[in-house]
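The residues making up each chain are set out below.
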Amino acid sequence: MNFNGIKSLSLALQSKQISVQELHDIYLTRQQTHAKNLNCLISKTPELAKTQIQSAQALIDSKQANMLTGIPLVHKDLFCTKDHQTSCGSRMLENFIAPYDATVVDNLNKAGMVTMAKANMDEFAMGSSNENSYFGAVKNPWNTHRVPGGSSGGSAALVAAGLAPIATGSDTGGSIRQPAALCGVTGIKPSYGRASRYGMVAFASSLDQAGVFARSAEDCSLVLSSMCSFDEKDSTSTQIAQEDFSQNLNQSIKGIKVGVVTEWMDSLPEDIKKTTFEAIKQLEELGAEIQEVVLPTAHLAVSAYYVIAPAECSSNLSRFDGVRYGYQCENPLDLNDLYVRSRTEGFGDEVKRRIMVGTWALSAGFYDAYYRKAQKIRRLIAQDFSKAFEKIDVIAAPVSPETAFEFNAKKDPVSMYQEDIYTIPSSLAGLPCMSIPIGLVNKLPVGLQLIGHNLQESTILNVAHQYQQATSFHTQIAEGYDA
Amino acid sequence: MLINRKEVEQIAVLAKLSVNESEIEAITASLDSVVTMINHINEVETDNVKPMANPLDAVQRLRVDAVNETSKKDKLLSMASNADEDYYLVPTVVE
């Protein structure tokens with residue numbers, strides 16, 4: 001099978017060149033060959049897939065199908081999938097069977113997609129290397145001695161390895177963009193509030209956003225359009241009509257104003273800097289006008305983020321008490337022992353570290369000095385972006401300061417947190433942003449980050465698609481895997 | 001050190017986590033390195049800046065006060081490690 005995007009798969013399905021079952025089986029065979037070695041899946045959902053294959057085929061046969069009907073999909077294992085394990089990469093939820101579907105899952109089910117499995121991830125979406133999963137680290141298909149990035153590392157790796165054309169992910173401070181960059185796939189996080197957080201296990205509620213991994217901006221746009229919706233069940237869901245994010249893809253980007261943050265570019269290692277400038281040059285050749293922009297407060301983003309995100313994490317994760325659902329310790333001595341041991345045994349080290357940082361930041365005497373202060377820095381960063389977007393349409397920036405690194409390379413938490421220096425600022429501002437592959441450095445993928453103004457997903461997808469029409473980096477695949 | 005061993009023990013109590021003797025030094029050191037990094041936020045003057053709790057400055061939307069879900073009691077209780085027909089079961093709190 002020559003994979004050439006969802007549109008061509010959909011055409012093959014609707015013209016009966018291939019059945020939904022046959023398409024599913026192609027990807028199932030690939031998963032059987034590679035998933036174990038890459039450790040990119042936590043569980044498979046064969047019964048669900050069986051039902052969805054039948055209903056998708058029925059829709060196709062009765063000519064009621066849309067572009068996504070019958071297309072295989074893997075969900076990051078933090079999206080609740082009704083009656084199936086939803087572990088969030090944690091021992092705490094190892095045996096948790098979700099009682100309902102996340103709205104994102106529900107939307108893609110309704111579009112007729114076929115859910116094949118749940119993807120591995122850093123525990124509770126906390127991490128930039130996938131080494132924090134209770135189920136073991138995911139390996140990068142480009143070099144299995146190296147990390148796939150995180151936290152949506154399983155989703156990125158499986159799309160890179162061709163084990164499904166689409167995977168969902170979530171991004172709190174870079175968890176879609178960084179693994180997309182490190183695995184050489186396209187990944188998008190929409191504006192905060194676009195995709196419902198209902199049924200997505202919470203980490204930091206003012207930052208968490210669902211998104212998509214695919215092999216192209218076009219495929220991302222098709223899935224994102226169905227995935228995003230206003231949702232009564234999420235009180236921070238943005239109340240606007242559903243949008244077709246693919247509508248502007250084919251517009252020329254002639255005259256579009258692309259901002260480049262000089263400070264970020266200067267801080268890159270030479271080989272990544274060169275590749276990133278080449279991609280920006282390509283945008284210029286397509287007619288974009290390149291301008292320098294400054295984000296004066298962005299250098300404080302990681303520091304502010306590591307107050308806000310852990311504070312929200314400590315609050316959200318206080319629900320895990322060992323009583324109502326999730327892991328419970330054996331033979332508790334009393335109620336406090338039940339709480340403490342269930343949490344201590346059920347959470348991994350990084351999750352516990354962030355709970356403790358958050359508890360500290362919210363505790364008496366520190367709230368104003370740290371939590372409120374960080375929220376003020378957050379506003380300054382958001383204002384920096386708003387000011388920049390008065391003059392430009394899109395920011396083109398690095399995704400990560402390095403390519404995929406080796407396992408156990410980051411010994412201390414702070415060096416791992418610095419992986420997200422270019423992705424966290426736009427997360428704090430709630431902006432739509434994505435990563436697209438722009439080439440290889442030492443045989444490892446490099447990504448370009450495109451950041452748009454609030455609700456301007458169509459603009460960044462347009463730029464990404466035009467870049468991908470003129471280049472072929474997004475079609476590159478690691479040796480040993482199928483397209 | 002911006003954070004010491006005693007403070008770490010107190011935070012663990014508040015967070016309902018236990019820290020054993022063999023880990024306490026390493027945990028204190030790692031939390032201290034995180035707090036040192038966090039401290040950079042104090043480099044900028046923010047006296048007249050309004051804190052931002054939501055990236056869109058959106059106000060919490062309230063739903064209509066109407067019944068919109070039926071009871072899922074049995075399903076939810078079945079997810080607990082320990083429950084009877086109507087209650088979650090925990091170790092005795094009051095003798």
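Everything numeric in this text was worked out from a predicted model, so none of it was measured.

A closer look at the overall build of chain B
1) Next: Tallying secondary structure elements over chain B gives three helices and zero strands in all.
2) Next: If you list the helices and strands of chain B from N to C, you get α-α-α.
3) Next: In terms of overall dimensions, chain B has C-alpha extents of about 55 × 45 × 25 Å along its principal axes.
4) Next: Every one of the 95 residues in chain B was classed for burial, and the buried ones make up 18%.

Description of the overall build of chain A
1) Next: Scanning chain A from N- to C-terminus turns up 16 helices and 11 strands.
2) Next: Since a compact globule built from 483 residues should have a radius of gyration of about 23 Å, the 21 Å found for chain A is in line with a globular shape.
3) Next: Restricting the contact set of chain A to residue pairs at least 6 apart, pairs at least 24 apart contribute 76%.

Here's the deal with the environment of L14 of chain B
1) Next: Secondary-structure assignment places L14 of chain B in helix α1 (residues 5-14).
2) Next: Once residues within four sequence positions are removed from consideration, L14 of chain B is found in contact with T359 and S363 of chain A.

Some details on the sheet that holds strand β7 (residues 257-261) of chain A
Residues and elements named next belong to chain A.
1) Next: Spatial strand order, β1-β3-β2-β4-β6-β5-β10-β11-β9-β7-β8: 11 strands in an open sheet with mixed pairing. Only two strands of the sheet have a single partner each, and these edge strands are β1 (41-44) and β8 (289-293). On average, each strand axis in the sheet is inclined to that of its neighbour by 30°, with strand direction left out of account.
2) Next: Sheet analysis places β7 next to β8, joined by five bridges and oriented parallel. The residue of β8 that forms the bridge with K257 is E289.

Section: the pairing of strand β3 (residues 114-119) of chain A
All names here are of chain A.
1) Next: Among the six residues that make up β3, six are buried, leaving the element largely enclosed by the rest of the structure.
2) Next: In this structure, β1 lies alongside β3, joined through three bridges in antiparallel fashion. Within β3, the residue paired with S43 across the bridge is K118.
3) Next: Judged from the five bridges that link them, strand β2 (residues 72-76) and β3 form a sheet pairing that is parallel. Its bridge partner lying in β3, P72 is registered against V114.

As for the nonpolar core
1) Next: Judged by nonpolar contacts, the single largest core of 173 residues is most densely connected at L73, L158, A164, A304, V307 and L450 of chain A.
2) Next: Here the element with the most residues in this core is helix α10 (residues 301-316) of chain A; it accounts for 10 residues.

Some remarks on the packing of helix α7 (residues 217-227) of chain A against helix α16 (residues 457-470) of chain A
All names here are of chain A.
1) Next: For the pair α7 and α16, the least separation of the axes is 8 Å and the interaxial angle reads 150°. The angle between α7 and α16 places the two elements in the roughly antiparallel class. Residues A217, E218, C220, S221 and L224 of α7 form the contact with α16, whose own contacting residues are E457, L461, A464, H465 and Q468.

A few points about the packing of α10 of chain A against helix α13 (residues 367-388) of chain A
Geometrically, a packed helix pair is captured by the angle between its two axes and the distance between the axes.
Residue and element names in this part refer to chain A.
1) Next: The interhelical angle for the contact between α10 and α13, taken along N-to-C directions, is 125°, at an axis separation of 9 Å. In terms of their interaxial angle, α10 and α13 are classed as oblique. Along this stretch, α10 crosses α13, giving a crossing that reads as left-handed. Residues A301, A304, V307, I308 and A311 of α10 pack against Y370, Y371, A374, Q375, I377, R378 and I381 of α13.
2) Next: The class makeup of the residues in the contact of α10 with α13 is 10 nonpolar, one polar and one charged.

Quick word on the interface of chain B and chain A
1) Next: Between chain B and chain A, the residue contacts involve 42 residues of the former and 53 residues of the latter.
2) Next: Contributing elements (two or more residues each) for the side of chain B that touches chain A: α1, α2 (24-38) and α3 (73-77) of chain B.
3) Next: The residue makeup of the side of chain B that touches chain A, split by class, is 25 nonpolar, 10 polar and seven charged.

Let's talk about α1 of chain B
1) Next: For α1 of chain B, the set of buried residues is V8, I11 and A12 of chain B. All buried residues of α1 of chain B project into a common sector of 100° when viewed along the axis, lining one side.
2) Next: Elements that come into contact with the buried residues of α1 of chain B comprise α12 (349-362) of chain A together with α2 of chain B.
3) Next: Just past α1 of chain B, the residue K16 of chain B takes up positive phi, approximately 55°.

Looking at unusual backbone geometry
1) Next: Between G150 of chain A and S151 of chain A the backbone carries a cis peptide bond, its omega angle lying at 5°.
2) Next: For S151 of chain A, the location among the structural elements is in the loop between β3 and α5 (153-160).
3) Next: The residue N39 of chain A is not glycine, and still its phi comes out positive at about 55°.
4) Next: Topologically, N39 of chain A is positioned in the loop between α2 (20-38) and β1.
5) Next: Take N39 of chain A: there are 20 C-beta atoms within 10 Å of it, and that puts it in the buried class.
6) Next: The backbone of D57 of chain B sits at a positive phi, close to 55°, despite the residue not being glycine.

As for the environment of E25 of chain B
Residue and element names in this part refer to chain B.
1) Next: Relative to the helices and strands, E25 resides in helix α2.
2) Next: On the basis of neighbour counts, which here come to 11 C-beta atoms within 10 Å, the residue E25 falls in the exposed class.
3) Next: Along the primary structure E25 and M79 are separated by 54 residues, whereas in three dimensions their C-alpha atoms are 37 Å apart.

Focus: helix α4 (residues 103-110) of chain A
Residue and element names in this part refer to chain A.
1) Next: Across the eight residues that make up α4, a large majority, six, are buried.
2) Next: Those residues of α4 that fall on the buried side of the exposure criterion are T103, V104, V105, D106, N107 and L108.
3) Next: Contacts made by the buried residues of α4 are with β2, β4 (166-171), β6 (209-214) and α7.
4) Next: Remark: G112 follows α4 within two positions and exhibits a positive phi of approximately 95°.

What counts, and at which threshold
Residues numbered from 1 in each chain as written. Chains lettered and ligands numbered in written order. Predicted model: local features only at pLDDT ≥ 70, side-chain atom pairs only at ≥ 80, totals over all residues. Helix = DSSP H or I, 4+ residues; strand = E, 2+ residues; numbered from the N terminus. Buried ≥ 20, exposed ≤ 12 C-beta atoms within 10 Å, placed from the backbone. Rg over C-alpha atoms; globule rule 2.2 N^0.38 Å. Contact = placed C-beta atoms within 7 Å. Pairing = 2+ DSSP bridges. Axes fitted to C-alpha atoms, helices over the stretch in contact; angles between N-to-C directions. Core = buried A, V, L, I, M, F, W, Y, C linked by C-beta atoms within 7 Å. Parallel < 35°, antiparallel > 145°, perpendicular 65-115°, else oblique. Left-handed = near helix turned anticlockwise from the far one by under 90°. Nonpolar A, V, L, I, M, F, W, Y, C, P; charged D, E, K, R; others polar. Arc of directions from axis to C-beta.

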